[in-house]
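# Overview (structure and organization)
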Amino acid sequence: MSEVTETITELLQSIGLDTSYRTESLTLLEKGESRYVRDFKLNFSSTLTSEHLSAKECALLGLSVAINNVNTPLTQYYTKYAEEQGATAADIAEAVACASLLASNNVFYRFRHFTQKDKYNQIPARIRMQVMMKPVTGKEFFELMSLTISAVNGCELCVNAHEDSLIKLGTTEERIFDAIRIASLVTASGKVIY
């Protein structure tokens, strides 16, 4: 067994996938004996740890991004990991709700931002957002999840608004940066595991 195949096997076992599992991307990396496989494995494992976020928060961020990216294997993995870290069914449901709500908000507010027309800013959004009012995960963490989804979805207006809210809530820039780092790595993981 080559070193690359061995690393893939270890990665798949850690995610809870059968060691014969392959996507087209994973197969191409394996065939090419790509050195990236080692980086990929290390990057994936680093989504689980942070100096500024709890393991439960890392798991819920990973779950929210996996849901946003419509990635079944990663959704299952981060759901299980979140449960192992003490996340309740309500916490998990809120990570899902955040991904769904922010997907709509990011499309809507990005459109307003792109067009730069006052008329569109005067028309009510008519998007229900009650989950944001009293989130079970807390206002600060819900804002953090919202920021990560907005960053993944590329909504400049939403990224700036959520980052500003977090700073006003007393969140450190290091905590924000780590959340974005995790979101970027979960998104990258989804290009290989899907």
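Everything numeric in this text was worked out from a predicted model, so none of it was measured. (Residues numbered from 1 in each chain as written. Predicted model: local features only at pLDDT ≥ 70, side-chain atom pairs only at ≥ 80, totals over all residues. Heavy atoms only, no water.)

## Some details on the packing of helix α1 (residues 3-15) against helix α3 (residues 36-45)
In the contact formed by α1 and α3, the axes pass within 9 Å of each other and the chain directions differ by 20°. Here α3 runs roughly parallel to α1, going by the angle between their axes. With respect to the hand of their crossing, α1 and α3 are arranged in left-handed fashion. Residues V4, T7, I8, E10, L11 and I15 of α1 lie in contact with α3, whose contacting residues are V37, R38, F40, K41 and F44. (Axes fitted to C-alpha atoms, helices over the stretch in contact; angles between N-to-C directions. Helix = DSSP H or I, 4+ residues; strand = E, 2+ residues; numbered from the N terminus. Parallel < 35°, antiparallel > 145°, perpendicular 65-115°, else oblique. Left-handed = near helix turned anticlockwise from the far one by under 90°. Contact = heavy atoms within 4.5 Å.)

## Describing helix α5 (residues 72-84)
For α5, built from 13 residues, the straight-helix expectation of 18 Å at 1.5 Å per residue is met to within 8% by its first-to-last C-alpha distance of 18 Å. For α5, every residue scored as buried is listed here: P73, L74, T75, Y77, Y78, T79, Y81 and A82. Packed against the buried residues of α5 are α1, α3, α4 (55-68), α6 (89-115) and α10 (173-189). The opening residue of α5, the one whose side-chain oxygen lies 2.9 Å from the backbone nitrogen of L74, is N71. (Expected span 1.5 Å × (residues − 1). Buried < 20%, exposed > 50% of the residue type's maximum accessible area, 1.4 Å probe, protein only. Polar contact = N/O pair within 3.5 Å; in protein donor to acceptor, adjacent residues only side chain to side chain.)

## Things to note about the pattern of salt bridges
Within the structure shown, the criterion is met by nine salt bridges. When the shortest N-O distance is used, the salt bridge between E30 and R22 registers 2.7 Å. According to the relative accessible area criterion, R22 is partly exposed, its value standing at 28%. Close ionic contact of K56 with D91 constitutes a salt bridge, the shortest N to O distance being 3.0 Å. On the criterion of sequence distance, the pair formed by K56 in helix α4 and D91 in helix α6 is long-range, its members being 35 residues apart. (Salt bridge = Lys/Arg side-chain N within 4 Å of Asp/Glu carboxyl O.)

## Structural notes on the state of the cysteines
All told, the structure shown has zero disulfides when counted by the stated rule. Looking at the unpaired C58, the closest cysteine sulfur is the one in C98, lying at 16 Å. You can call C58 buried: its relative accessible area is 0%. For C98, which is in no disulfide, the shortest distance to another cysteine sulfur is to C158 and amounts to 11 Å. (Disulfide = S-S within 2.5 Å.)

## Focus: the side chain of S189
Assignment of secondary structure puts S189 in helix α10. Look past the residues within four positions of S189 in its chain and what remains in contact with it is F40, F44 and L74.

## Looking at the environment of S45
When you line up the elements, S45 lands in helix α3. With a relative accessible area of 37%, S45 lands in the partly exposed category. Distance from S45 to M1, taken between C-alpha atoms, is 22 Å for residues 44 residues apart in sequence. A polar contact of 2.9 Å, which involves the side chain of S45, links it to the backbone oxygen of L42.

## So, the packing of helix α8 (residues 139-153) against helix α9 (residues 156-168)
Interaxial distance between α8 and α9 falls to 9 Å at its minimum, and their mutual angle equals 155°. The angle between α8 and α9 falls in the class roughly antiparallel. Where α8 crosses over α9, the two elements pack in a sense that is left-handed. Every residue of α9 that contacts α8 at E140, E143, L144, S146, L147, S150 and A151 is listed here: C158, V159, H162, E163, S165 and L166. For the contact of α8 with α9, the residue count by class is six nonpolar, four polar and three charged. (Nonpolar A, V, L, I, M, F, W, Y, C, P; charged D, E, K, R; others polar.)

## Observations regarding the side chain of T47
Looking at where T47 falls in the secondary structure, it is placed in the loop between α3 and α4. Polar contacts involving the side chain of T47 include one to the side chain of Y78, which spans 2.7 Å. Dropping the residues within four chain positions of it, T47 is found in contact with C58, Y78, I182, L185 and V186.

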